[in-house]
Protein chains: 2
Amino acid sequence: MQSVKPYINDNKNRFITELIELLKIPSISADSAYKTDVLTTADMIKTSLEKAGCDHVEICETEGYPIVYGEKMIDKNLPTVLVYGHYDVQPPDPLNLWNSPPFEPVIQNTDLHPEGAIFARGACDDKGQMYMHVKALEYMTSQNELPCNVKFMIEGEEEVGSVNLSKFVKANREKLANDVILISDTGMIAKDVPSITTGLRGLSYVEVEVTGPNRDLHSGLYGGAVANPINVLAKMIASLHDDNNHITIPGFYDKVEELSAEERAEMAKAPFSLEDYKKALDIDAVYGEKGYSTNERNSIRPTLDVNGIWGGYTGEGAKTVIASKAYAKISMRLVPHQDWHEITALFKSHFENIAPAGVKVKVTPHHGGQGYVTPINHVGYKAASKAYEQTFGKVPIPQRSGGSIPIVSLFEQELNSKTILMGFGLDSDAIHSPNEHFGIWNYLKGIETIPWFYKYFTEMNA
Amino acid sequence: MQSVKPYINDNKNRFITELIELLKIPSISADSAYKTDVLTTADMIKTSLEKAGCDHVEICETEGYPIVYGEKMIDKNLPTVLVYGHYDVQPPDPLNLWNSPPFEPVIQNTDLHPEGAIFARGACDDKGQMYMHVKALEYMTSQNELPCNVKFMIEGEEEVGSVNLSKFVKANREKLANDVILISDTGMIAKDVPSITTGLRGLSYVEVEVTGPNRDLHSGLYGGAVANPINVLAKMIASLHDDNNHITIPGFYDKVEELSAEERAEMAKAPFSLEDYKKALDIDAVYGEKGYSTNERNSIRPTLDVNGIWGGYTGEGAKTVIASKAYAKISMRLVPHQDWHEITALFKSHFENIAPAGVKVKVTPHHGGQGYVTPINHVGYKAASKAYEQTFGKVPIPQRSGGSIPIVSLFEQELNSKTILMGFGLDSDAIHSPNEHFGIWNYLKGIETIPWFYKYFTEMNA
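Being a predicted model, the structure only gives us computed values, none of them experimental.

Cut-offs applied
- Residues numbered from 1 in each chain as written.
- Chains lettered and ligands numbered in written order.
- Predicted model: local features only at pLDDT ≥ 70, side-chain atom pairs only at ≥ 80, totals over all residues.
- Heavy atoms only, no water.
- Helix = DSSP H or I, 4+ residues; strand = E, 2+ residues; numbered from the N terminus.
- Rg over C-alpha atoms; globule rule 2.2 N^0.38 Å.
- Buried < 20%, exposed > 50% of the residue type's maximum accessible area, 1.4 Å probe, protein only.
- Areas by Shrake-Rupley, 256 points an atom, 1.4 Å probe, with all protein chains shown as cover.
- Lys, Arg positive; Asp, Glu negative; His and termini not counted.
- Charge placed at Lys NZ, Arg CZ, Asp CG, Glu CD.
- Contact = heavy atoms within 4.5 Å.
- Buried area = accessible area lost by both parts, 1.4 Å probe.
- Salt bridge = Lys/Arg side-chain N within 4 Å of Asp/Glu carboxyl O.
- Polar contact = N/O pair within 3.5 Å; in protein donor to acceptor, adjacent residues only side chain to side chain.
- Nonpolar A, V, L, I, M, F, W, Y, C, P; charged D, E, K, R; others polar.
- Least-squares fit on C-alpha atoms with pLDDT ≥ 70 in both.
- Pairing = 2+ DSSP bridges.
- Axes fitted to C-alpha atoms, helices over the stretch in contact; angles between N-to-C directions.
- Domains from an automatic or database assignment.
- Arc of directions from axis to C-beta.
- Parallel < 35°, antiparallel > 145°, perpendicular 65-115°, else oblique.
- Left-handed = near helix turned anticlockwise from the far one by under 90°.
- Disulfide = S-S within 2.5 Å.

Next up on the list: the overall build of chain A. Regarding its fold elements, chain A presents 13 helices and 18 strands. The C-alpha radius of gyration computed for chain A amounts to 23 Å, which stays within 12% of the reference 23 Å derived for 462 residues, consistent with globular compactness. Judged by the C-alpha coordinates and their principal axes, chain A covers about 80 × 50 × 45 Å. Within chain A, the fraction of its 462 residues that count as buried is 62%. For chain A, the accessible surface area stands at approximately 16,900 Å², while carbon and sulfur atoms represent 49% of it. In chain A, 43 positive and 60 negative side-chain charges are present, and the distance between their average locations comes to 1 Å.

Encoded structure:
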């Protein structure tokens with residue numbers, strides 16, 4: 001295969017313009033107000049797959065948002081790559097912290113991105129990274145360089161738990177049959193330090209409600225004499241970690257995979273500057289489980305974080321009230337071998353147990369997913385590694401990510417294939433945050449690297 | 001003086017209708033959207049005082065909402081009673097918990113109020129109780145039964161800290177000169193157990209902000225590796241009470257007045273059913289400082305309660321975010337001798353001290369006020385006691401309230417006079433809560449009792 005660079009140079013402005021059009025549509029799956037936009041986005045993906053060379057593309061309806069399926073089958077005897085991505089995005093709030101509106105994409109230069117970065121919700125997660133695959137396919141079909149079969153499965157509910165995708169996968173095992181799954185929905189260590197994600201954390205997401213008195217009360221007349229649901233919730237949340245920041249839920253760590261000293265030493269070789277990390281977040285110290293480094297804390301260790309809390313009077317000024325109810329959204333990131341159903345059950349039972357007399361507690365599971373690991377001796381990993389080496393001039397580092405793509409473990413279970421996580425984003429891309437962006441260099445580098453994966457994967461499977 | 005009852009019987013429908021008109025105006029001082037309504041209410045109070053027989057009434061402008069001042073001076077040599085009340089009300093939220101709109105008053109019968117109760121925000125606190133004094137004045141002037149001088153000072157910022165009233169009082173000592181101050185803004189033990197409030201708790205109200213990373217972060221990529229401001233805030237709040245529910249702020253209890261065993265035994269005689277209390281609030285247990293009874297916990301002991309908390313994603317569904325900031329509104333109820341400025345400073349310093357590395361903490365004081373005690377041998381207390389005996393047929397019980405009327409200690413300091421707290425509300429009136437109401441029996445009983453206070457107070461001062 002010849003260099004992909006000339007084609008990219010000739011077409012890069014169009015590649016950027018097409019992505020910007022996609023980013024203009026607020027495909028927020030969590031908020032039903034954006035239903036039409038989510039559906040419009042699905043149609044745009046369908047059209048883009050057709051234009052990129054798929055022989056067959058269809059919108060597969062589900063009970064929620066549709067899945068866009070596309071394929072180009074060139075020879076049954078050749079291997080098949082299944083590309084997964086998502087066209088939905090996270091809610092953009094808090095809106096006031098965005099420097100430009102989240103659905104009016106702008107290109108700005110930054111220190112890390114002197115070539116410019118596209119600022120918009122979904123720029124990196126996952127419209128930008130998903131669209132790299134569409135453009136890589138365009139390259140391969142237009143240049144007659146597609147060496148194997150390819151299938152696309154792009155969903156619209158990744159940010160809300162992929163419930164309908166699970167059903168779709170279970171019901172379409174044959175249609176989705178493949179030799180390897182390829183996903184770009186993760187990051188790499190740095191622009192000059194390519195890496196491939198070999199592990200994902202699982203997730204258990206729950207909502208809790210603490211009810212005290214049956215109505216809001218005057219804090220002067222009742223304060224100190226009845227359980228205040230907010231104070232109680234704070235105490236319950238606080239008790240979920242001990243002084244060493246270990247999680248106190250009984251049984252929580254029972255199945256946690258403990259890495260060997262060698263594996264931890266290997267991990268510690270990845271370039272990392274604690275000073276730069278703190279500076280980027282404007283914090284004076286990191287914080288986490290005792291006995292583990294920052295990189296270990298957010299990859300090989302399970303965690304518990306409150307993602308939202310509310311109760312009582314939160315408006316302007318003061319109100320002397322004891323609220324009847326207080327709420328929190330809590331998520332746990334899990335590591336391989338922790339089963340999210342089991343952890344959700346452990347959390348629920350523990351949280352109900354620690355409720356003091358005087359309050360009632362309700363725990364509602366939201367969604368979750370299992371963790372996942374790709375062995376670095378898998379042929380797909382080796383092909384990806386060689387592809388990065390080709391375009392970056394360096395062997396990529398295998399790394400565990402702290403994030404979760406719950407569907408990946410389901411793919412393994414239902415489709416019996418491993419997933420290769422070729423992410424081209426950076427930690428600083430602010431995904432799920434205001435001012436999400438994706439470097440144009442990264443976007444084009446992804447488009448350049450992906451065709452080499454197809455080439456090497458096909459060769460290695462020959 | 002003859003019985004007040006016949007006059008009340010002849011006029012009660014008008015008394016109720018007039019109060020209902022007043023309750024229709026949403027005079028919410030905490031929310032600037034209601035500015036016009038608050039000002040309209042001040043005008044209505046002015047008109048009502050003129051109609052009730054004041055010789056001189058004026059709207060006294062302040063930097064905030066105006067104070068309505070009225071007087072009827074009959075003889076310089078006779079004693080002067082200063083009536084204080086407020087025409088502003090608490091915000092009505094949460095609106096969805098009201099059975100009828102908060103500013104569309106309705107009369108409903110309840111178990112405790114077979115004669116009917118008026119349901120509306122401000123029905124008891126304080127429009128209803130304040131208006132009893134206007135109607136008692138009407139009775140006394142129309143029947144030629146006013147035995148002394150009277151002044152009214154009705155403010156519109158009690159629910160937001162009475163900041164401008166403080167300035168007004170300091171600047172108008174002569175105009176406000178009096179022999180006793182009379183307030184109805186508290187409750188009594190039960191309809192058949194009259195009581196006079198002899199103590200009020202002080203208040204310190206603060207807002208806290210915990211900042212972690214400089215932006216919202218993806219909880220998968222950063223979870224477990226940086227301080228989560230919500231988890232940290234929960235931990236900090238939890239640490240403010242120990243296992244016995246004592247407040248842990250160093251120095252907090254240093255000046256707390258400890259009651260003698262005799263005084264506590266006297267308090268314990270007040271009728272109280274813990275079962276009824278729990279049933280009314282639908283709780284299975286009370287909760288509070290070890291070593292004290294429920295009635296002690298909410299009257300003679302200081303407390304610390306979170307009145308509101310918020311941070312992160314609080315919308316529908318799930319968002320896996322580590323918030324940059326978390327907030328809480330916290331109030332402390334104080335007992336006599338605890339200085340609110342000092343307690344606010346102790347809180348601020350302690351809360352800043354306990355912040356772990358990795359977060360920044362900001363404490364903003366909102367407002368506060370000192371506690372207050374009326375001695376039961378004061379002539380005003382004795383006159384009030386005799387008035388209740390006259391109309392209830394029982395000697396009232398002196399009781400400490402858990403609530404705060406911060407301005408009362410300022411009155412003592414600036415005007416050198418004691419305040420008599422003749423409250424006619426009940427604990428079940430749901431002040432500051434949805435479905436606030438005021439019993440018609442209580443309203444009319446207040447109008448009946450107040451003129452006797454004037455009579456006995458004047459006689460005892462002769």
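So, about the interface of chain A and chain B. Contact with chain A, which involves 89 residues of that partner, is made by 90 residues of chain B. Interface of chain A and chain B: buried area, both sides summed, is about 7,700 Å²; carbon and sulfur atoms make up 52% of it. Of all residues in chain A, Tyr287, Ile309 and Lys319 of chain A give up the largest surface area on contact with chain B, accounting jointly for 9% of the area buried on that side. Here chain A is connected to chain B by two salt bridges. In this assembly, chain A and chain B are joined by 53 residue pairs in polar contact (both at pLDDT 80 or more). A per-element tally of the side of chain A that touches chain B places strand S11 (residues 303–312) of chain A first, with ten residues. Residue composition of the side of chain A that touches chain B, grouped by class: 38 nonpolar, 33 polar and 18 charged.

With an RMSD of 0.1 Å, the operation that places chain A on chain B is a rotation of 180° combined with a shift of 0.0 Å along the axis. When the rotation and shift are considered jointly, the pair of chain copies conforms to a two-fold rotation axis. Both copies share a contact surface, since 100% of the interface residues of chain A are interface residues in chain B too.

Residues and elements named next belong to chain B. Spatially, the three strands line up as an open sheet ordered S4-S5-S18, and their pairing is antiparallel. The two strands at the open ends of the sheet, each matched to only one other strand, are strand S4 (106–108) and strand S18 (437–439). Sheet twist, expressed as the average angle between the axes of neighbouring strands with direction ignored, equals 30°. The pairing of S4 with strand S5 (residues 117–119) spans three bridges and is classified as antiparallel. When the bridges of S5 are listed, isoleucine 107 appears paired with isoleucine 118. Each of S4 and S5 touches helix H1 (residues 5–23); the most contacted strand, S5, lies at about 15° to it.

Another aspect to go through is the domain arrangement of chain A. All names here are of chain A. Domain annotation of chain A identifies domain 1 (5–200 + 371–460) and domain 2 (202–256 + 302–369). If you average the C-alpha positions of domain 1 and of domain 2, the two centres end up 35 Å apart. Each partner contributes residues to the interface: domain 1 has ten residues there, and domain 2 has seven residues. Roughly 650 Å² is buried in total at the junction of domain 1 and domain 2, and carbon and sulfur atoms are behind 58% of that figure. Considering only the surface of domain 1 that becomes buried against domain 2, Gly371, Ser404 and Pro406 emerge as the three largest contributors, covering 54% of it.

All of the buried residues in helix H8 (residues 274–281) of chain B are Tyr277, Lys278 and Leu281 of chain B. Buried residues in H8 of chain B, looked at end-on, bunch into an arc of 95°, giving them a common side. Opposite the packed face of H8 of chain B, turned more than 90 degrees from it, sit the exposed residues Glu275, Asp276 and Lys279 of chain B. Buried positions along H8 of chain B lie against strand S10 (217–218) and helix H5 (219–222) of chain A together with helix H9 (294–297) of chain B. Residue aspartate 282 of chain B follows H8 of chain B closely and has a positive phi angle near 55°.

Another aspect to go through is the packing of helix H4 (residues 163–171) of chain B against helix H12 (residues 407–415) of chain B. Residue and element names in this part refer to chain B. The interhelical angle for the contact between H4 and H12, taken along N-to-C directions, is 15°, at an axis separation of 10 Å. With respect to H12, the element H4 is oriented roughly parallel. Handedness of the H4/H12 crossing: right-handed. In this structure, H4 uses Leu165, Ser166, Val169 and Lys170 to contact H12, whose residues at the interface are Ile407, Leu410, Phe411, Glu414 and Leu415. Its residues assigned to classes, the contact of H4 with H12 comprises six nonpolar, one polar and two charged.

Now for the state of the cysteines. Between two cysteines, a covalent bond joining their sulfur atoms is known as a disulfide. Residues and elements named next belong to chain A. Using the criterion set out here, one finds zero disulfides over all chains in the structure. Cysteine 54 takes part in no disulfide bond, and the closest cysteine sulfur to it belongs to cysteine 60, at a distance of 12 Å. The buried category is assigned to cysteine 54, whose relative accessible area is 9%.

This part covers the environment of asparagine 295 of chain A. All names here are of chain A. Considering the arrangement of structural elements, one finds asparagine 295 in helix H9 (residues 294–297). Taking the C-alpha atoms as reference points, asparagine 295 and glycine 402, 107 residues apart in sequence, are found 8.9 Å from one another. In contact with asparagine 295, other than residues within four places in its own chain, are Met267 and Phe272.

Our next topic: the sheet that holds strand S14 (residues 360–369) of chain B. Strand pairing in a sheet relies on backbone hydrogen bonds, with the paired strands running either antiparallel or parallel. The strand order across the open sheet formed by eight strands is S14(A)-S9(A)-S13(A)-S11(A)-S11(B)-S13(B)-S9(B)-S14(B), and the pairing between neighbours is antiparallel. Each edge of the sheet is formed by a strand with only one pairing partner; in this case those strands are strand S14 (360–369) of chain A together with S14 of chain B. Neighbour to neighbour, the strand axes of the sheet diverge by 20° on average, direction disregarded. Pairing geometry for S11 of chain A and strand S13 (residues 325–334) of chain A, over eight bridges, is antiparallel. Bridging across to S13 of chain A, glycine 308 of chain A finds its partner in lysine 329 of chain A. In this fold helix H6 (residues 229–238) of chain A packs onto strand S9 (202–211), S11, S13 and S14 of chain A together with strand S11 (303–312) of chain B, with an angle of close to 15° to the strand it touches most, S13 of chain A. Against the sheet, helix H10 (residues 340–353) of chain B touches strand S9 (202–211), S11, strand S13 (325–334) and S14 of chain B, its axis set at about 165° to S14 of chain B.

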